[in-house]
Amino acid sequence: MAREIKGYAGSLWWLFVVVSVILVVFGLVTLFYPGLTLAGLVGVFAVFVVVYGLVELFEGFSAAGKRDNWWLSLLAGVLLLGLGVYLAKHPGISVTAFALLIGWTLLLRGVVDALIGLFYSRDGHQLHWYITGALGIIAGLLTWSYPADSALV
């Protein structure tokens, strides 16, 4: 069985080459055109939310009368559809929201790292935890202060 899988994977060498080339091109576009890449990601996310909303609407309508909570799927579908359309019309807001979530995550992780160094680390690596905590807190605060610029970075 393992030999068959190995042989099958070996016959798809060209697929790995194609995927690798695509990823290198995507990486170069991201490196040299970060705004374009960010706009593309926001657009893809908006489309995803719209499709997800349509799926929830379909689920809600098809479950009507079969489940007691079918209306929750309808409500979620309407909200997701509205959110997706709003994000598509206002991509700057979704970029800012994304950056704010990253900033919150960095800030929270920095606080946790500092607390680990303060209360839990007894192995001689307290300085490491303090430094990573301080850097996380600083990065989080900077991201919150400049969300649009941070998203591009």
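The structure presented is a predicted model; accordingly, all values stated were derived computationally and were not measured.

> In this structure, what is going on with the overall build of the protein? I would like to understand it.
The helix and strand inventory of the protein stands at seven helices and zero strands. A compact globule built from 153 residues would reach a C-alpha radius of gyration of about 15 Å, whereas the protein, at 23 Å, exceeds it by more than 25%. With the principal axes as the frame, the protein shows a C-alpha extent of 60 × 50 × 35 Å. Long-range pairs, those at least 24 residues apart, make up 54% of the contacts in the protein between residues at least 6 apart in sequence. Carbon together with sulfur atoms contributes 78% to the accessible area of the protein, which is approximately 11,200 Å² in total. In the protein, which carries 7 positive and 7 negative side-chain charges, the distance between the mean positions of the two groups comes to 6 Å.

> How do you make sense of the confidence of the model for the protein when you look at a structure like this?
Segments scoring low in pLDDT should not have their predicted coordinates read at a detailed level. Per-residue pLDDT for the protein averages 84, and the proportion of residues at 70 or more is 92%. Helix α6 (residues 126-145) holds the highest mean pLDDT among the elements of the protein, 91, whereas helix α1 (residues 2-11) holds the lowest, 65.

> Sorry if this is basic, but what is going on with the packing of aromatic side chains here?
Where two aromatic rings form a pair, the distance of their centres and the angle of their planes describe that pair. Tallied over the full model, the rule gives three aromatic pairs. Taking 5.9 Å as the distance between ring centres and 20 degrees as the angle between the ring planes, the aromatic pair formed by F48 and Y52 counts as stacked. With a gap of four residues between them, F48 and Y52 both fall in helix α3 (residues 34-63), about one helical turn apart. For Y52, a relative accessible area of 39% puts it in the partly exposed group. Here the aromatic rings of W104 and W144 are separated by 6.1 Å at their centres, their planes lie at 45 degrees, and the arrangement is tilted. Remark: W144 occurs in helix α6 and W104 occurs in helix α5 (residues 91-120); sequence separation between them is 40 residues. Residue classification places W104 among the partly exposed residues on the basis of a relative accessible area of 46%. Assessed through its relative accessible area of 43%, W144 is described here as partly exposed. Here a set of aromatic residues connected by ring pairs shows up, and it is made of F45, F48 and Y52.

Here is what the cut-offs are and how they apply
- Residues numbered from 1 in each chain as written.
- Predicted model: local features only at pLDDT ≥ 70, side-chain atom pairs only at ≥ 80, totals over all residues.
- Heavy atoms only, no water.
- Helix = DSSP H or I, 4+ residues; strand = E, 2+ residues; numbered from the N terminus.
- Rg over C-alpha atoms; globule rule 2.2 N^0.38 Å.
- Contact = heavy atoms within 4.5 Å.
- Areas by Shrake-Rupley, 256 points an atom, 1.4 Å probe, with all protein chains shown as cover.
- Lys, Arg positive; Asp, Glu negative; His and termini not counted.
- Charge placed at Lys NZ, Arg CZ, Asp CG, Glu CD.
- pLDDT = per-residue confidence, 0-100.
- Phe/Tyr/Trp six-rings, centres within 6.5 Å; stacked < 30°, edge-to-face > 60°.
- Buried < 20%, exposed > 50% of the residue type's maximum accessible area, 1.4 Å probe, protein only.

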